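In case you want the letters, here they are:
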Amino acid sequence: TQSIFNKQFKDISHFIGSYLAIYKGYSTDSKTREMGSSGGLATAIACYLLKQGTVDGVIGIISEEDDNTSFKPAILRTSEDLYQAMGSKYTLIPTNRIIKEILNSQGKFLYIGLPCQIQGLRKAMGENANLQKRIFMTISLFCGFNMKKEATTFLIQASKLSNIESIQYRGMKDGETGFLIKGKDSKEFFIDKHGY
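Everything numeric in this text was worked out from a predicted model, so none of it was measured.

The rules behind these values
- Residues numbered from 1 in each chain as written.
- Predicted model: local features only at pLDDT ≥ 70, side-chain atom pairs only at ≥ 80, totals over all residues.
- Heavy atoms only, no water.
- Helix = DSSP H or I, 4+ residues; strand = E, 2+ residues; numbered from the N terminus.
- Expected span 1.5 Å × (residues − 1).
- Buried < 20%, exposed > 50% of the residue type's maximum accessible area, 1.4 Å probe, protein only.
- Arc of directions from axis to C-beta.
- Contact = heavy atoms within 4.5 Å.
- Salt bridge = Lys/Arg side-chain N within 4 Å of Asp/Glu carboxyl O.
- Pairing = 2+ DSSP bridges.
- Axes fitted to C-alpha atoms, helices over the stretch in contact; angles between N-to-C directions.
- pLDDT = per-residue confidence, 0-100.
- Disulfide = S-S within 2.5 Å.
- Phe/Tyr/Trp six-rings, centres within 6.5 Å; stacked < 30°, edge-to-face > 60°.

Caption draft 1: Examining helix H3 (residues 41-52) more closely. The end-to-end C-alpha distance of H3, which contains 12 residues, comes to 17 Å, matching closely the 16 Å that a straight helix rising 1.5 Å per residue would cover. Inspection of H3 places Ala 42, Thr 43, Ala 46, Cys 47, Leu 49 and Leu 50 among the buried residues, and these make up the whole buried set. All buried residues of H3 lie within an arc of 165° about the axis, which places them on one face of the element. Exposed side chains of H3 directed beyond 90 degrees from the buried face belong to Tyr 48 and Lys 51. Turning to H3, the residues buried within the fold contact helix H2 (30-35), strand S1 (57-64), strand S2 (67-76), helix H4 (79-85), strand S3 (109-113) and strand S4 (135-140). Following H3 by one or two positions, Gly 53 has its phi on the positive side, about 80°.

Next comes the structure, spelled out in structure tokens:
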């Protein structure tokens, strides 16, 4: 905590860890709020930092070009790029593979990730001063759980849909949140969040 907050903590929450303050919020932009997870706050902050020129890019997770059921880390440089990264992805993603691209790019970056990804990044930053200079800020998201790629593959097979247009791990259907697959033929497959 000393290296992150530049401060020693006497009282640390067993459930939350060290913190200076806790706030809750959501994006005031309706598109960002609806498309994002938990109100789209991380995307709203990222858009603001990009528009202000505070950061040159944002590290987020997007679909693979040739497979919209698989995901990868990417440097996002516009608000439009950020919309590709919105929403939860409950699958393991090797985010450390973006570090080389960060080191080969000029500028400062916002890194959005899960607590385990942020922890790995911070360890890498401790070993590489150049990487530390490139990361302006991190946003760590809450993590409920994560699944192997095989779990997503299983759900895709159970859907019996082909030509998948999109996968949403926190999609909405009939007022419920859950795993939603949309096919290019307008067919859908949905399992509520407790079911999948």
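More follows now that the structure is in view.
Caption draft 2: Up close: the pattern of salt bridges. What the rule picks out here adds up to three salt bridges. Its salt-bridge partner being Arg 97, residue Glu 64 comes within 3.2 Å of it at the nearest N-O pair. Taken as a pair, Glu 64 in strand S1 and Arg 97 in the loop between H4 and helix H5 (99-103) lie far apart in primary sequence, 33 residues in all. A residue is classified by how much of its surface remains accessible, and Arg 97, at 45% relative accessible area, is partly exposed. Among the salt bridges present, the one from Glu 188 reaches Lys 173, with a minimum N-O distance of 2.7 Å.

Caption draft 3: Broad picture of the sheet that holds strand S6 (residues 176-183). Pairing is antiparallel in the open sheet, where three strands are placed in the order S5-S6-S7. If you trace the sheet from one side to the other, it starts and ends with strand S5 (164-173) and strand S7 (188-192), each paired once. Averaged over all pairs of adjacent strands, the angle between their axes in this sheet comes to 15°, without regard to strand direction. Relative to S6, S5 runs antiparallel, the two sharing seven bridges. Counted as the bridge partner of Gly 171 is Gly 178 from S6. Packed onto the sheet, helix H8 (residues 149-159) meets S5, S6 and S7 and runs at close to 70° relative to S6.

Caption draft 4: Structural view of the pairing of S7. Bridge count for S6 against S7 is five bridges, and the pairing is antiparallel. Residue Gly 178 lies in a different strand from S7, and its bridge partner there is Asp 192. Between the end of S6 and the start of S7, which pair antiparallel, lie four residues, with Ser 186 showing a positive phi angle near 75°.

Caption draft 5: A look at the side chain of Thr 95. The residue Thr 95 is located in the loop between H4 and H5 in this model. Setting aside its immediate chain neighbours within four residues, Thr 95 contacts Ile 61, Pro 73, Tyr 111 and Gln 117.

Caption draft 6: Broad picture of the environment of Lys 100. Inspection of the secondary structure assignment puts Lys 100 in helix H5. Counting along the chain gives 31 residues from Lys 100 to Leu 131, while the straight-line C-alpha distance between them is 9.1 Å.

Caption draft 7: The arrangement of the confidence of the model for the chain in detail. When pLDDT is averaged across the chain, the result is 87; 94% of the residues are at 70 or more. Model confidence for the chain, summarised as mean pLDDT per element, is weakest for helix H1 (residues 2-5) at 64 and strongest for helix H7 (residues 129-134) at 96.

Caption draft 8: Quick look at the state of the cysteines. Here the structure, examined in full by the defined rule, presents zero disulfides. Of the cysteine sulfurs around Cys 116, a residue in no disulfide, the closest is that of Cys 143, at 6.1 Å. Exposure remark for Cys 116: the relative accessible area of 52% places this residue in the exposed category.

Caption draft 9: Expanded view of the packing of aromatic side chains. Scanning the model with the defined rule gives three aromatic pairs in all. Centroid distance Tyr 90 to Tyr 169: 6.0 Å. Interplanar angle 85°. Geometry classified as edge-to-face. Within this pair, whereas Tyr 90 is found in the loop between H4 and H5, its partner Tyr 169 is found in strand S5, the two being separated by 79 residues in sequence. Here the aromatic residues Phe 71, Tyr 90, Tyr 169 and Phe 179 are joined through ring pairs into a cluster of three or more.

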